[in-house]
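What the coordinates show
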Amino acid sequence: VDPTLVATVVPEPGQENCGIAAVGLARATEAEVPVLRRQPGTLPGLQLPHGILRHADDQTVLGLSALLRAVADSGRPVGGFSAWGVVFAPRFLGRAATVRALERFDRMGVHGMSPLIIPHLSLHSPAGTLSLALGMHGPNFGVGGGDDHVSEGFLAALAAHAERCTPGLWLVLTAWDPELTTEADGGGSVPAAVHAVALGLVAERAGLSFGVRWTPGSCGVAAAPPGNPSAARLANLAAFLAHENSPGWVCPLAGGGEVRLAARARMRLAG
Amino acid sequence: VRDPEAVWVTGVGAATPLGLGFEAVAEALLAGRSGVRRVTHFDAVAQPCKIAASLGPLPAPPGWSDDDFAGLGTADQLVLWCAVAALRDAGWWERRGEVRVGLVLGSGAEWLTCWERDRQRGGRCVYFPLAGHPTLSSAARERLKISGPAVTVAAACASGNVALAQGRRWVQRGWVDVCLAGGCDRSLTPMGMAGFGNLGALSKRNDDPPAASRPFDRGRDGFVMGEGGALFVLERAGAAARRGARAYAEVVGYGASSDASHVVIPSADPDPAAAAVRRALADAGVNPGEIDYINAHATSTPVGDRFEAGILREVLGEEVRRVPVSATKSMTGHLLSAAAAMEALACLIALDRQALPPTINLDDPDPECELRHVARQAEPAHVRVVASNSFGFGGSNTCLVLRAA
């Protein structure tokens, strides 16, 4: 992929920006996830630790797949990210596995509780797994976990990026859309799919940019963001990133602000 | 005020196994009191570990009726109690509508715990999550009627440090005027305890609960789960000084890294964790010779404590013989995603009381963990600069540096 995803955003008052140097998207239905679990992607020189995704949640699998696509998009070798960090914002991580764990605990008690649940299904888990997968030693942490995971992910990533202790940071956003249904709730009529977006954040404003803008002087009790389910926001984000003619993408932040991605412009990165 | 742009801690809200509020926790920590006891709030007979540092019922904060507060989930109660207490302590509670107040909550296994507790009550939230609860941070934001953003962050046992680092940046960059930051954890449930127990991570010293958590001791055999939380009010030093706020400390340094080695076991290579500590010291502009106290992550596991001692030796060099180190998990148990916040509180107590909380149960120090331990009882000390290590599953390494304001 050539590095043509260049747009620049002129910072506005009250706005902070961060460059996006690489983008990766992934989507898989429930039936397709096992294939990606075995082989989330291929890159020259990539050797994933053996069995790294064996016990991982489906959202972690898709997150890694999107990340590998973003690495390819970056044009850099896979080994070039050893100092990068990972911020991973899933939604309702591990829900299907938790249903099975709850039912198993009901039947078998203490001995039925897998020791793998906590290491692999907690909010920190996907970020840790991705840092391990690519041997990245920058900070890693999870964000959100609920319905506002997209906006929370952007905000936390921008703050982490402000630490300026890594050359770059991966922001990975994932969710089931529609939510995965289980046997216990009768199954759903619409096939569920996991969506994942991986963005490579860098200090330079070369490449696609995102910014957080605060409404000047806003205080008092702000209303909750207008009804806009997060899954739709993630799907909208993926659509914006996948189609060149999208006018832009905006996600409201609780607290009188918004996350805004600039419209893509066809400009070639120097060098 | 040396630097008006510096970020101060001006309020504390804490609910811990050792008590509620700064004063109660300070008294217990410096007295070397253990909060570990047999688990009684659920049937733990079949659990490999039957002891924990649990949190008793919380009183309703001012402004909430007992009935309304009792109707909330236990984790919601904890966050709300700590947040209200912190804002009141800082003098912002009645005036919180005048400023933009944000919330960064360190919380690790929120949904696992929420879904388990909901199912115990006959609920079906796990099947219909979109019709269920908002996150703890979103719910707290609504209940507290604060106007800034609210975010949940998780780096396992290092979550509280990540939250404090985020809160510091939010304040520095003017995203909020005041930020609540810290960690809360109520994962002490039957499934949570079984999960850690079956992982082989917990102490089996069930016959002597207060002696079970013994970081750096040769007889340590695993950690003891704890629950509780601490939230801190962060704000700019200049603004805080102008309104005459109490300054517990200045948040001066933060460093973080990843092992990229294993999802559970800490790396045998000390370099990544050492890099996090060095980064925090560099961020703070202090060298090892200026550190007056280190609160170690030390959970009382055979491997983790030994590795941390090696990391401290590598970072501190010759100063390792001088810098006092203690592990307050010996008293509080391991508060998991609230542990870093609990230990930041222990550091504030050291600064405030000019005394170092001890590592209790350190009767037979492991020679592989040789450090300048504050063993068994508190020590008076001149304390200006303190550091708190917190490491977590997923290979997260963090270090926070605080300085007397």
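So, on to the overall build of chain B. When helices and strands are tallied, chain B shows twelve helices and 16 strands. Taken against the 2.2 N^0.38 rule, which gives 22 Å for 405 residues, the C-alpha radius of gyration of chain B at 20 Å falls within 12% of a compact globule. Counting only C-alpha atoms, chain B reaches 55 × 50 × 40 Å along its principal axes. Out of the 405 residues in chain B, the part that is buried amounts to 67%. Restricting to contacts in chain B with at least 6 residues of sequence separation, those with at least 24 account for 79%. Looking at chain B as shown, the accessible area adds up to about 12700 Å², and 50% of this sits on carbon and sulfur atoms.

The next point concerns the interface of chain B and chain A. Counting from both sides, the interface comprises 68 residues of chain B and, opposite them, 68 residues of chain A. For the pair chain B and chain A, the two sides together bury roughly 5500 Å², of which 63% comes from carbon and sulfur. Interface area lost by chain B to chain A is led by B:Tyr127, B:Trp175 and B:Met191, which between them contribute 13%. Its salt-bridge partner being B:Arg119, residue A:Asp106 comes within 2.5 Å of it at the nearest N-O pair. Linking chain B with chain A are 19 residue pairs in polar contact (both at pLDDT 80 or more). Counting residues per element, the side of chain B that touches chain A draws most heavily on helix α7 (residues 190-198) of chain B, which supplies seven residues. Among the residues making up the side of chain B that touches chain A, the classes are represented as 35 nonpolar, 21 polar and twelve charged. Both strand β4 (residues 140-143) of chain A and strand β6 (residues 150-154) of chain B contribute to a ladder of two bridges, which runs antiparallel. Paired with A:Gly142 across the bridge in β6(B) is B:Ala154.

Residue and element names in this part refer to chain B. Running from amino to carboxyl end, helix α1 (residues 22-31) crosses helix α12 (residues 339-353) at an angle of 85°, the nearest separation of the two axes being 10 Å. Taken together, the axes of α1 and α12 are roughly perpendicular relative to one another. In contact with Phe22, Glu23, Val25, Ala26, Leu29 and Leu30 of α1, α12 contributes Met342, Leu345, Ala346, Leu348, Ile349, Asp352 and Arg353. Of the residues contributing to the contact of α1 with α12, the split by class is ten nonpolar, no polar and three charged.

Predicted confidence across chain A gives a mean pLDDT of 82, with 77% of residues reaching 70 or more. pLDDT under 50 marks residues 265-271 of chain A. Its contacts with residues more than four places away, or in other chains, come to 17 contacts.

All names here are of chain B. Summarising the element assignment, Ser388 is placed in strand β15 (residues 385-392). Using a relative accessible area of 1% as the deciding quantity, one classes Ser388 as buried. For Ser388, the residues in contact, after removing those within four places along its chain, are Asn161, Asn295, Glu343, Ala344, Cys347, Thr398, Cys399 and Leu400.

Take helix α10 (residues 302-316) of chain B next. Each full turn of the α-helix corresponds to 3.6 residues, which orients residues three or four apart in the same direction. Residues and elements named next belong to chain B. Spanning 15 residues, α10 covers 22 Å between terminal C-alpha atoms, matching the ideal 21 Å at 1.5 Å per step. Those residues of α10 that sit buried are Gly304, Asp305, Phe307, Glu308, Ala309, Ile311, Leu312, Val315 and Leu316. Immediately beyond the C-terminal end of α10, within one or two residues, lies Gly317, with a positive phi of roughly 60°.

Right, let's get into α7(B). When you tally the buried positions in α7(B), you get eight out of nine residues, the bulk of the element. Every buried residue of α7(B) is listed here: B:Pro190, B:Met191, B:Gly192, B:Met193, B:Ala194, B:Gly195, B:Phe196 and B:Gly197. Each element contacted by the buried residues of α7(B) is listed here: α3 (95-108) and α4 (117-121) of chain A together with β4 (51-52) and α4 (110-120) of chain B. Of the residues flanking the end of α7(B), it is B:Gly200, one or two places downstream, whose phi is positive at about 80°.

A word on the packing of aromatic side chains. Overall, the coordinates contain eleven aromatic pairs over all chains when judged by the stated rule. Relative to A:Trp170, the ring of A:Phe81 lies with its centre 5.1 Å away and its plane at 50°, an arrangement referred to as tilted. In this pair, A:Phe81 is assigned in the loop between α2 (58-74) and β3 (85-89) and A:Trp170 in strand β5 (residues 169-176), connecting sequence segments 89 residues apart. Accessibility assignment for this pair places A:Phe81 and A:Trp170 in one class, buried. Here the aromatic rings of B:Phe22 and B:Tyr248 are separated by 5.1 Å at their centres, their planes lie at 55°, and the arrangement is tilted.

What follows concerns the environment of B:Arg321. With respect to the helices and strands, the residue B:Arg321 is situated in the loop between α10 and β11 (324-326). In this structure the C-alpha to C-alpha distance between B:Arg321 and B:Leu371, which are 50 residues apart in sequence, comes to 6.5 Å.

Each value, and the rule that gives it
- Residues numbered from 1 in each chain as written.
- Chains lettered and ligands numbered in written order.
- Predicted model: local features only at pLDDT ≥ 70, side-chain atom pairs only at ≥ 80, totals over all residues.
- Heavy atoms only, no water.
- Helix = DSSP H or I, 4+ residues; strand = E, 2+ residues; numbered from the N terminus.
- Rg over C-alpha atoms; globule rule 2.2 N^0.38 Å.
- Buried < 20%, exposed > 50% of the residue type's maximum accessible area, 1.4 Å probe, protein only.
- Contact = heavy atoms within 4.5 Å.
- Areas by Shrake-Rupley, 256 points an atom, 1.4 Å probe, with all protein chains shown as cover.
- Buried area = accessible area lost by both parts, 1.4 Å probe.
- Salt bridge = Lys/Arg side-chain N within 4 Å of Asp/Glu carboxyl O.
- Polar contact = N/O pair within 3.5 Å; in protein donor to acceptor, adjacent residues only side chain to side chain.
- Nonpolar A, V, L, I, M, F, W, Y, C, P; charged D, E, K, R; others polar.
- Pairing = 2+ DSSP bridges.
- Axes fitted to C-alpha atoms, helices over the stretch in contact; angles between N-to-C directions.
- Parallel < 35°, antiparallel > 145°, perpendicular 65-115°, else oblique.
- pLDDT = per-residue confidence, 0-100.
- Expected span 1.5 Å × (residues − 1).
- Phe/Tyr/Trp six-rings, centres within 6.5 Å; stacked < 30°, edge-to-face > 60°.

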